[in-house]
Amino acid sequence: MKTDLTDTTASKINKALVKGRRAIGTPAVGMVLTLVIVTDEENAYDALKAANDASREHPSRTLVVIKRVSRSPRDRTQSRLDAEVRVGADAGTGETVVLRLYGEVADHAQSVVLPLLLPDAPVVVWWPVDAPLDPAGDPLGALAQRRVTDTYSSEQPVRELTARAGTYKPGDTDLSWTRITPWRSMLAAALDQVSVEVKAVEVEGEEFNPSCELLAMWLADRLDVPVRRSLSSGPGLTAVRMETSNGPITLDRADGSLATLSIDGQPDRAVALKRRDTAELIAEELRRLDPDDTYASALRFGVHRLNVSNGQADTVETSPDVKAASDVEGASDVEGASDVASDVEGAPEGPSAKGEPADGEAPAQAPAPEAAKPPALKPVPSGLSGKAAK
């Protein structure tokens, strides 16, 4: 059952919800939470479809907030609220209200959403696209116990992870983190089967995929070992290789659905690791409404502390000063100098991060040992940060 309301108010929307429930014979409210989706007109259909599919597991009242851009300056000064109320089969197992905000009311969406929240029920806010850098500081995010973003939909996904780490508040989460839940479970189970010491890890995946960085940061944070991030053609995550004291452990997924787990001394095993759709991801996030401390710890580890590779040979652009630092006495005390120098040994010299020498001009000499202080590496063009040790 659908009801269209033009130039309406929150009070009229609530009355339409009650009327719709009575019309289909379910006057009682049997929903467990309120899901607020903040999106645009282009992505509203896909987000609402995913929410309706997830409502079969989590019956909820879904509020879709769409901020419309008025065509003329005169229209922008006029506030208007249009609503589409859906109950019954048109709204999954819950209720759906699509809110379209025009004019100045679009800047005060929280005042429209607040009267429509289910009483004494948790609130989850989901931004499928264009999420704020500080979800907890957003007026709508401040209403929720759980705030879901998707870094993969941003223009610079990997760099945005750094911004998310700086603004993280308990209750924040990311669908890019949810995508790697099966990978984390399988890797943890693999290490439980053998008693080994992990020495190094390589995470391979497509470029501009924040899930790869999050998995690499989680492994580096938990195992306290160097983690290399290498690139592949995808789809998504393709492989994780762990170098251990008893031989390599590899989880390889080349086709995006079926992976192979290889442990030295044991037969290879096929593992189902299919790429999940958005409905499955949002349903998983709605199962837990408490803060995800594991995600927070991995996020705060920092992308810049990962060892970046291009999948063939280490060709990270490095300044001559950093390359010379490995030969300087006591350079091992400088954070990251020895690891970076060993990784780029034999690689062609690239331009320095600062003070790039002109063509034909000799590079600057390394400073004296007691004053050796290599500059930080400049991020590589792909958006991934340069190499640095923990």
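Everything below is about the structure printed above this text.
This text gives an overview of the structure that appears in the document. On a predicted model such as this, the values are computed, not experimentally measured, just so you know.

What follows deals with the packing of aromatic side chains. Per the stated rule, a full pass over the model turns up 2 aromatic pairs. Ring plane angle 65° and centroid distance 6.0 Å describe the contact between Tyr-168 and Tyr-295, whose orientation is recorded as edge-to-face. Here the residue Tyr-168 occupies a position in the loop between helix 5 (157-167) and strand 8 (172-174), and Tyr-295 occupies one in helix 10 (residues 293-301), the gap between them amounting to 127 residues. As far as the burial class goes, Tyr-168 and Tyr-295 line up, both buried. An angle of 55° between the planes, with centres 5.6 Å apart, marks the rings of Trp-177 and Tyr-295 as tilted. Here Trp-177, found in helix 6 (residues 175-178), pairs with Tyr-295, found in helix 10; they are 118 residues apart in sequence, far enough to count as distant. One Lys or Arg, Arg-184, reaches over the ring of Trp-218 and ends 5.8 Å from the middle of that ring.

Turning to the sheet that holds strand 7 (residues 146-149), a few remarks are in order. The strand order across the open sheet formed by 8 strands is 1-4-5-3-2-6-7-8, and the pairing between neighbours is mixed. Strand pairing shows two members of the sheet lacking a second neighbour, strand 1 (2-5) and strand 8, which therefore form its edges. Each neighbouring strand pair of the sheet contributes to a mean axis angle of 15°, computed without reference to strand direction. Summarising the sheet, strand 6 (residues 123-126) and strand 7 pair through 3 bridges and their orientation is parallel. Across the sheet, Val-125 pairs through a bridge with Arg-147, a residue of strand 7. Of the strands in this sheet, strand 1, strand 3 (60-67), strand 4 (80-87) and strand 5 (95-102) are in contact with helix 1 (residues 10-23), which crosses strand 4 at around 15°.

Attention shifts here to the packing of helix 5 against helix 8 (residues 210-223). Look at helix 5 against helix 8: their axes get within 8 Å of each other, and the N-to-C directions meet at 50°. By the criterion of interaxial angle, the relationship of helix 5 to helix 8 is oblique. For the pair helix 5 and helix 8, the crossing hand works out as right-handed. For the pair helix 5 and helix 8, the contacting residues are Pro-157, Val-158 and Leu-161 in the first and Pro-210, Glu-213, Leu-214 and Met-217 in the second. Among the residues forming the contact of helix 5 with helix 8, the class breakdown is 6 nonpolar, no polar and 1 charged.

For helix 5, every residue scored as buried is listed here: Pro-157, Val-158, Glu-160, Leu-161, Arg-164 and Thr-167. Viewed along the axis of helix 5, the buried residues span an arc of 160°, placing them on a single side of the element. Facing away from the buried side of helix 5 by over 90 degrees, the exposed positions are Thr-162 and Gly-166.

Residues other than glycine seldom take positive phi values, yet Asp-130 does so here, at roughly 50°. Note that Asp-130 resides in the loop between strand 6 and strand 7. Residue class for Asp-130 comes out exposed when judged on its relative accessible area of 66%. We note that Asp-224 has phi near 55°; this positive angle belongs to a residue other than glycine. Position of Asp-224 among the secondary structure elements: in the loop between helix 8 and strand 10 (227-232). With a relative accessible area of 57%, Asp-224 lands in the exposed category.

About the thresholds
- Residue numbers restart at each chain and count upward from 1, following the sequence in its written direction.
- Note on the predicted model: pLDDT of at least 70 is required for a residue's local features to be given, and 80 or more for side-chain atom pairs to be given and counted; whole-chain, interface and lining totals, by contrast, use all residues.
- Excluded from the side-chain calculations are hydrogens and water; all other atoms, namely the structure's heavy atoms, are used.
- Only Phe, Tyr and Trp rings take part, Trp by its six-membered ring, and two of them pair if their centres are within 6.5 Å. Stacked means planes under 30 degrees apart, edge-to-face means over 60, and tilted covers everything else.
- Numbering of helices and strands runs from the N terminus, with a helix taken as a DSSP run of H or I at least four residues long and a strand as a DSSP run of E at least two residues long.
- Only protein chains enter the accessibility calculation, which uses a 1.4 Å probe; a residue whose area is less than 20% of its type maximum is buried, one above 50% is exposed, and one in between is partly exposed.
- Our definition puts a charge over a ring when NZ of Lys or CZ of Arg is within 6 Å of the ring centre and also within 35 degrees of the ring normal.
- In this description, strands pair whenever DSSP reports at least two bridges between them.
- With axes taken as lines fitted to C-alpha atoms, and helix axes fitted only over the stretch in contact, angles between N-to-C directions fall between 0 and 180 degrees.
- Contact definition: two residues touch when any of their heavy atoms are within 4.5 Å.
- Roughly parallel here means an angle under 35 degrees, roughly antiparallel means over 145, roughly perpendicular means 65 to 115, and every remaining angle is called oblique.
- Put simply, a crossing is left-handed when the front helix is turned counterclockwise from the back one by less than a right angle, and right-handed when it is turned clockwise.
- Three categories are distinguished: nonpolar for Ala, Val, Leu, Ile, Met, Phe, Trp, Tyr, Cys and Pro, charged for Asp, Glu, Lys and Arg, and polar for the others, with Gly belonging to the last.
- Think of the arc as the fan of directions from the helix axis to the C-beta atoms.

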